[in-house]
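# A look at the structure
These are the residues of each chain, in order.
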Amino acid sequence: MRILSDMIIPVLIVGIILVGMIRKENVYEDFVRGAAEGLPTVLKVMPTLIGLMVSVGMLRASGFMEFLGTILGQWTEKIGFPGELMPLTIVKIFSSSAATGMLIDLYRTYGVDSYVSKVASIMMSSTETVFYTMSVYFLVAKVSRTRWTMMGALLATTAGTVTSVFLAATI
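Summarised in this report is the structure supplied together with it. (Residues numbered from 1 in each chain as written. Predicted model: local features only at pLDDT ≥ 70, side-chain atom pairs only at ≥ 80, totals over all residues. Heavy atoms only, no water.)

## A word on the overall build of the protein
The following threshold applies: Numbering of helices and strands starts at the N terminus; helices are DSSP runs of H or I of at least 4 residues and strands are runs of E of at least 2. Our radius of gyration looks at C-alpha atoms and nothing else; its globule reference is 2.2 Å times the residue count to the power 0.38. Only protein chains enter the accessibility calculation, which uses a 1.4 Å probe; a residue is then buried when its area is under 20% of its type maximum, exposed when over 50%, and partly exposed in between. Contacts: residue pairs with any heavy atoms within 4.5 Å of one another. All accessibility values rest on the Shrake-Rupley procedure with a 1.4 Å probe; residue burial counts only the protein chains present in the view.
Across its full length, the protein carries eight helices and zero strands. Counting helices and strands in the order they occur from the N terminus, the protein gives α-α-α-α-α-α-α-α. For a compact globule of 171 residues, the expected C-alpha radius of gyration is about 16 Å, and the protein comes in at 20 Å, more than 25% above that figure. Dimensions of the protein, computed from the C-alpha atoms along their principal axes, are close to 65 × 40 × 30 Å. In the protein, which comprises 171 residues, the proportion classed as buried is 26%. Contacts in the protein between residues far apart in sequence, at least 24 positions, make up 62% of those at least 6 positions apart. Of the roughly 11,500 Å² of accessible surface on the protein, a fraction of 71% belongs to carbon and sulfur atoms.

## Some remarks on the pattern of salt bridges
How we decide: By definition here, a salt bridge exists when the distance from a side-chain nitrogen of Lys or Arg to a carboxyl oxygen of Asp or Glu is within 4 Å.
Under the counting rule described, the total for this entry stands at three salt bridges. Here D6 and R2 are joined by a salt bridge, their closest N and O atoms 3.8 Å apart. One end of the pair, D6, and the other, R2, are both in helix 1 (residues 2–22), four residues apart, so they sit about a helical turn from each other. What makes D6 partly exposed here is its relative accessible area of 46%. For R2, a relative accessible area of 66% corresponds to the exposed category. Note that D105 and R108 form a salt bridge whose closest N and O atoms lie 3.3 Å from each other.

Written out as structure tokens, the structure is:
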């Protein structure tokens with residue numbers, strides 16, 4: 001399985017190049033043109049990304065996330081969800097990269113085989129960065145009617161978070 005996962009991206013890239021060559025297309029020029037067309041999209045999304053990253057950084061640096069985690073953790077401990085994961089849970093709905101940094105901190109603190117780390121790992125892979133996805137992708141796709149999107153995404157994230165507790169308990 002590891003060999004397959006290591007090979008999938010290189011095989012895909014070579015496959016795309018081979019198909020382009022068989023069709024007698026200039027793959028490099030197509031790639032450069034596609035990259036050039038994508039640049040305005042990046043520039044349009046950049047302010048939103050910077051705003052999200054700065055906001056999450058400020059929340060983490062202020063200690064508010066740990067404070068909120070302590071308060072909410074008193075309630076979540078009762079269902080088996082470690083209070084230490086509340087900051088991670090909140091940050092994850094805004095920024096996956098910031099949440100990954102927090103996950104690495106959890107690994108260092110509790111060890112990778114601890115219950116806290118197992119719940120965190122499962123939760124990270126079964127939840128979405130709701131606000132990031134909505135702000136960035138909907139902006140680019142010019143989606144304006146998002147009536148139930150946030151509620152559905154938060155419900156799915158909650159389901160993934162709750163399920164992570166049950167799955168980690170069985171490992």
